[in-house]
Amino acid sequence: MSPSSASLLPALAYTAPPDGGLDIVYLDAAVLLVNKPTGLLSVPGRGEEKQDCLFRRIQSSYPEALIVHRLDMHTSGLLLLARGKEMQRRLSSAFATRQVEKRYLAVVAGRPPSTCGEIDLPVAADWPNRPRQKVDRQAGKPSLTRYRVLSHDPAGNTSRLALWPETGRTHQLRVHLQALGHPIVGDVLYGSAALADKAERLLLHADHLAFVHPASGRAMCFSSPAPF
């Protein structure tokens, strides 16, 4: 492991944020949509200390709820769950066939050279430095992110971006923005120590989700303002 990666390990220790109750955005007999807070795992991790997660908290009130996608621990925002196995099968199929539209907001270092563009770089696990991922042109899986610059702050030299991941690789947005030369502010894994110290959290939020309701067939669209 590189010295820079080793120095970040203490920051990766998991302490689940206090349980202040579920932030439910939408609920019906088929689906459950919640806002996930930053710092909370979507699903249980390895080890007893990583069992407190959003999924466990949801199941304590809705035991039939099942996961269909995930957000990184440090990412906040909209997370969709199915109520029952048949709804999970339908929603999982929609995610797999890219029929679900996801958008994220991020604050990044500097200013990208173009107001909009695509980052088409294969991503793979960086095994010696887990849980990091990396761009790997030989062994990586195809990964595509579209982005648009929404604003720029000259004083802090940061930019606010809208991001559309066309694929769903682990840490894809974080790896792609680092590769672009504009890592996300507050990122302890892919940014410099100075950049990580600029914010108390990773400035990445899932702010938009659109999908076809798995039971009614209606088009559903939800937004969640970024808390930064």
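Model, not experiment: these values are computed from the prediction. (Residues numbered from 1 in each chain as written. Predicted model: local features only at pLDDT ≥ 70, side-chain atom pairs only at ≥ 80, totals over all residues. Heavy atoms only, no water.)

Here we look at the overall build of the protein
For step 1, the next point in the chain: Secondary structure summary: the protein contains 5 helices and 12 strands in total.
For step 2, the next point in the chain: Against the globule reference of 17 Å for 228 residues, the protein gives a C-alpha radius of gyration of 18 Å, in line with a compact fold.
For step 3, the next point in the chain: Counting only C-alpha atoms and orienting by the principal axes, one finds that the protein spans roughly 45 × 40 × 40 Å.
For step 4, the next point in the chain: For the protein, the residues scored as buried account for 49% of the 228 residues in total.
For step 5, the next point in the chain: Expressed as a percentage of contacts within the protein between residues at least 6 apart in sequence, the contacts between residues at least 24 apart total 60%. (Helix = DSSP H or I, 4+ residues; strand = E, 2+ residues; numbered from the N terminus. Rg over C-alpha atoms; globule rule 2.2 N^0.38 Å. Buried < 20%, exposed > 50% of the residue type's maximum accessible area, 1.4 Å probe, protein only. Contact = heavy atoms within 4.5 Å.)

A look at the environment of aspartate 136
For step 1, the next point in the chain: Secondary-structure assignment places aspartate 136 in the loop between strand S8 (133-135) and strand S9 (144-153).
For step 2, the next point in the chain: By relative accessible area, which is 15% here, aspartate 136 ends up buried.
For step 3, the next point in the chain: Distance from aspartate 136 to aspartate 126, taken between C-alpha atoms, is 8.9 Å for residues 10 residues apart in sequence.
For step 4, the next point in the chain: The contacts of aspartate 136, once residues within four sequence positions are left out, are Pro122 and Ala124.

Description of helix H4 (residues 172-180)
For step 1, the next point in the chain: All of the buried residues along H4 are Gln172, Leu173, Arg174, Val175, His176 and Leu177.
For step 2, the next point in the chain: Just downstream of H4, glycine 181 is the residue with a positive phi angle, here 95 degrees.

Concerning the pairing of strand S10 (residues 158-165)
For step 1, the next point in the chain: Taking burial as the measure, the 8 residues of S10 include 7 buried ones, the bulk of the element.
For step 2, the next point in the chain: In the sheet, strand S5 (residues 101-109) pairs with S10 via 6 bridges, with the strands oriented antiparallel. When the bridges of S10 are listed, valine 108 appears paired with serine 159.
For step 3, the next point in the chain: What sits between the antiparallel neighbours S9 and S10 is a turn of 4 residues, in which asparagine 157 has the positive phi angle 50 degrees. (Pairing = 2+ DSSP bridges.)

Focus: the side chain of arginine 57
For step 1, the next point in the chain: Positionally, arginine 57 belongs in helix H2 (residues 54-59).
For step 2, the next point in the chain: For arginine 57, the contacting residues outside a window of four places in its chain are Ala16, Pro17, Pro18, Asp19, Leu22, Leu40 and Asp52.

A short note on the side chain of histidine 208
For step 1, the next point in the chain: Tracing the backbone through its elements, the reader meets histidine 208 in strand S11 (residues 204-212).
For step 2, the next point in the chain: Classification of histidine 208 as buried rests on a relative accessible area of 14%.
For step 3, the next point in the chain: Only 3.4 Å separates the side chain of histidine 208 from the side chain of glutamate 101, close enough to count as a polar contact.
For step 4, the next point in the chain: In this view, histidine 208 contacts Leu78, Glu101, Lys102, Arg103, Cys221, Phe222 and Ser223; residues no more than four positions away in its chain are not counted. (Polar contact = N/O pair within 3.5 Å; in protein donor to acceptor, adjacent residues only side chain to side chain.)

Some points on the pattern of salt bridges
For step 1, the next point in the chain: By the definition in use, this model includes 9 salt bridges.
For step 2, the next point in the chain: Between arginine 57 and aspartate 52 there is a salt bridge; the shortest N-O distance is 2.9 Å.
For step 3, the next point in the chain: Under the relative-accessibility criterion, arginine 57 is labelled buried at 10%.
For step 4, the next point in the chain: Connected via shared salt-bridge partners are Asp72, Arg174 and Asp187. (Salt bridge = Lys/Arg side-chain N within 4 Å of Asp/Glu carboxyl O.)

Side note on the nonpolar core
For step 1, the next point in the chain: Core analysis: the largest hydrophobic core is formed by 38 residues, its most contacted members being Ile58, Leu81, Leu163, Ile184 and Leu204.
For step 2, the next point in the chain: Excluding residues within four positions of it along the chain, isoleucine 58 makes contact with Leu22, Leu32, Val34, Ala65 and Leu81.
For step 3, the next point in the chain: Judged by nonpolar contacts, the second largest core, of 16 residues, contains Ala30, Leu33, Leu78 and Ala94. (Core = buried A, V, L, I, M, F, W, Y, C linked by side-chain atoms within 4.5 Å.)

A few points about helix H3 (residues 85-96)
For step 1, the next point in the chain: In this model H3 runs 16 Å from its N-terminal to its C-terminal C-alpha over 12 residues, within 8% of the 16 Å that 1.5 Å per residue would give.
For step 2, the next point in the chain: Every buried residue belonging to H3 is among Met87, Leu91, Ala94 and Phe95, and all of these are buried. Here the buried residues of H3 occupy an arc of 100 degrees about the axis, which is enough to place them on one side. For H3, the exposed residues set more than 90 degrees away from the buried face come down to Lys85, Arg89 and Ala96.
For step 3, the next point in the chain: Packed against the buried residues of H3 are strand S2 (31-36), strand S4 (76-83), S5 and S11.
For step 4, the next point in the chain: Note on H3: the residue one or two positions beyond its end, arginine 98, has a positive phi of about 60 degrees. (Expected span 1.5 Å × (residues − 1). Arc of directions from axis to C-beta.)

None of the figures reported here should be taken as evidence of function without further support.
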